[in-house]
Amino acid sequence: MAARVQHSLQFQRNSITAFFFSSSSSSFSNSINKTQINFRSKWFSPSSSSSKRSGAALYCTCSSNSDSTDSNSTPMLAKEDPFILTTPLYYVNAPPHMGSAYSTIAADAIARFQRLTGKKVIFITGTDEHGEKIATAAAAGGSTPNDHCDAISQSYRALWKDLDITYDKFIRTTDPKHEAIVEEFYSKVLENGDIYRADYEGLYCVNCEEYKDEKELLENNCCPMHLKPCVSRKEDNYFFALSKYQKRLEDILEHNPDFVQPMYRLNEVQNWMKSGLRDFSISRASVDWGIRVPNDPKQTIYVWFDALLGYISALSEDQEQPSLQRAISSGWPASLHLIGKDILRFHAVYWPAMLMSAGLSLPKTVFGHGFLTKDGMKMGKSLGNTLEPNELVHRFGSDAVRYFFLREVEFGNDGDYSEERFINIVNAHLANTIGNLLNRTLGLLKKNCQSTLIADSSVAAQGNVFKDNVEKLVEKAKIQYESLLLSSACESVLEIGNAGNLYIDEHAPWSLFKKGGTSFDSAAKDLVIILEAMRIIAVALSPVAPNLCLRIYQQLGYTPEQFSATTWNDTQWGGLKSGQIMAPPNPIFARIEIPSESEGGPPVEKKVSKKKEKLPRTQTQTTVGA
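Below, the structure is looked at part by part. Small disclaimer: the values here were computed from a predicted structure and weren't measured.

## Thoughts on the overall build of the protein chain
Scanning the protein chain from N- to C-terminus turns up 21 helices and 20 strands. Going through the 626 residues of the protein chain one by one, you find that 56% of them count as buried.

Set out below in structure tokens:
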């Protein structure tokens, strides 16, 4: 893995001038000279009860006749926006793959953390269901495009359920409410003069559904992403005037460097823009499976001018008449778009230009993560080394899959999967460090204290440096979650478990219990201290491994309802009380067995050594784009 990304998503404190616009009846180009724009960087905490600062919300204060004011002509204060988080809308030409699962697992961990801090979260995911590839895939499978989309979209929902994904909105681009909003958005951009009709001839990648510049292609005009030759096409299409927004986009990226994250992704976007933005085609005359162009039903809207609007149409309530303004009023702009680096250009350049043309606010951050490889090699069906997420979760469980990919892949960089490392990491961290610590502590409590705590955890830890260490690690994990350093957050929580194992080994309560008297009391208090640390781990790691953490909480005598009601404030020391009865010890995470072949015989199962694995914290994979 690459060196840790040290970039926070905190926004700049200084006032900036940028082009983030709210919906307006006048066009962008006409209003820019009539309106004074000033942006304030408003710092906020993700929770009203927390004193930590995590980012900035950009608010536009415009001096114009359309400003919202009270009777004294004072600008009205906006209420706190929800935290809107999106995954890509996944293309349904094929069932979900591990890359799709990885994006969604990461998004779910972020959404769960934001909920813990008290934010209202709207977590959006869904499927992109129009386009040439989908119609081709449906025909190859002997079904209609509609039936094909139904089946593949459902396979995404089923996988998200197995992976414990807690999305709030699942949008399909074949939903009628989505189509209505796309048509309205298209009409606004057309009215603004940014759509025109023209012939275009060039090299077209069917898999990307995009015309390519010859200088970016490989030998034999092969697409660098899909490694297949592009085909020559000439079409009469509608185009979006992207080139018109070159300077405005450059200003946004210059004055708001946190708009694209991590920083090396921002550099990629800026370097790409240096060659000059080119207008792009937003319709297809040869594709029937899509939304009809409002002013020309003989053509269908191109996939990006359709799919990107899913982030907004998802905000429409099912019971209301869909409209762009109603969807926007539900909380837009998005706080965070999580995407793979292969679609960074469309989200960091095309999408903001489209939004500006329609007079809508831009998302606050676009975060481009890396790709996954297997055993150091790019995955592909032809190589026979694909990694199927359904198989992985059914073999190892959702907690193991979620933990491994969030702990072992530096968020933003490429990451590698090997089954041996997967099993070693999960066994060492979840079964040994966390699971075994809880199990042996509860065993000692049952044997010596009838599974009952003899003191409040706050009393038991008075003057104890272990408590201070846990509090520092919890605060560290919180900052890392806020900064999208998900691997580092996992490591900080794991350090609490490591410290707990060291503490119990050094204090040896099993020996103190045998001595009786004050030694017995000291040993009983040591168990309270360790179990309080386990309670804190259960809350702090719950965004990553929710089912595992629920089992920890239940072992500590709590109900599932009490676990569901936890907030980040519950990571504060002092939750366990005297007289609280713990459950009998029961392993919370079963060790995974490693399959191996005995010499000259069939495969046999053998367990990994119970000796705790010492895993290096440094990563070795080169950062892509750094």
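## Focus on unusual backbone geometry
In this structure, Pro262 follows Gln261 across a cis peptide bond, with omega equal to -15 degrees. Positionally, Pro262 belongs in the loop between β9 (260–261) and α7 (263–273). Positive phi, normally seen in glycine, also occurs at Leu484, with a value near 65 degrees. Its identity is not glycine, yet Ala508 carries a phi of approximately 45 degrees, on the positive side. For Ala508, the position within the fold is in the loop between α17 (486–507) and α18 (509–515).

## A look at the environment of Leu266
Structurally, Leu266 is set in helix α7. In this structure Leu266 touches Leu253, Pro257 and Val260, once residues within four positions along its chain are discounted.

## Quick notes on the sheet that holds strand β6 (residues 195–205)
Reading across the sheet, the four strands line up as β7-β6-β8-β10 and stay open at both edges, with antiparallel pairing between neighbours. Strands at the two margins of the open sheet, each flanked by one partner only, are β7 (210–212) and β10 (280–281).

## Details of the pairing of strand β4 (residues 121–128)
Most of β4 is tucked away: eight of the eight residues are buried. Across seven bridges, strand β3 (residues 83–91) lies against β4 in parallel orientation. Counted as the bridge partner of Ile84 is Ile122 from β4. In terms of strand pairing, β4 meets strand β5 (residues 169–172) through four bridges, oriented parallel. Note that in β5 the partner of Ile124 across the bridge is Lys169.

## A short note on the pattern of salt bridges
One pass over the structure, following the stated rule, counts 22 salt bridges. Residue Asp108 pairs with Arg402 through a salt bridge whose shortest N-O separation is 2.7 Å. Within this pair, whereas Asp108 is found in helix α2 (residues 98–116), its partner Arg402 is found in helix α13 (residues 398–408), the two being separated by 294 residues in sequence. One network of salt bridges, in which partners are shared, links Asp108, Arg112 and Arg402.

## A word on the sheet that holds strand β13 (residues 296–301)
Pairing within the open sheet is antiparallel, and its three strands lie in the order β11-β13-β12. Unpaired on one side and paired on the other, β11 (283–284) and β12 (292–293) mark the two borders of the sheet. Note that β12 and β13 share two bridges and pair antiparallel. For Val293, the partnering residue across the bridge sits in β13 and is Asp296.

## Some details on the packing of helix α6 (residues 246–255) against helix α11 (residues 344–358)
Contact pair α6 / α11: the axes reach a minimum separation of 10 Å and the direction vectors enclose 110 degrees. In terms of their interaxial angle, α6 and α11 are classed as roughly perpendicular. With respect to the hand of their crossing, α6 and α11 are arranged in right-handed fashion. Residues Arg248, Leu249 and Ile252 of α6 lie in contact with α11, whose contacting residues are Val349, Pro352, Ala353 and Met356. Classifying every residue of the contact of α6 with α11 gives six nonpolar, no polar and one charged.

Parameters at a glance
Residues numbered from 1 in each chain as written. Predicted model: local features only at pLDDT ≥ 70, side-chain atom pairs only at ≥ 80, totals over all residues. Heavy atoms only, no water. Helix = DSSP H or I, 4+ residues; strand = E, 2+ residues; numbered from the N terminus. Buried < 20%, exposed > 50% of the residue type's maximum accessible area, 1.4 Å probe, protein only. Contact = heavy atoms within 4.5 Å. Pairing = 2+ DSSP bridges. Salt bridge = Lys/Arg side-chain N within 4 Å of Asp/Glu carboxyl O. Axes fitted to C-alpha atoms, helices over the stretch in contact; angles between N-to-C directions. Parallel < 35°, antiparallel > 145°, perpendicular 65-115°, else oblique. Left-handed = near helix turned anticlockwise from the far one by under 90°. Nonpolar A, V, L, I, M, F, W, Y, C, P; charged D, E, K, R; others polar.

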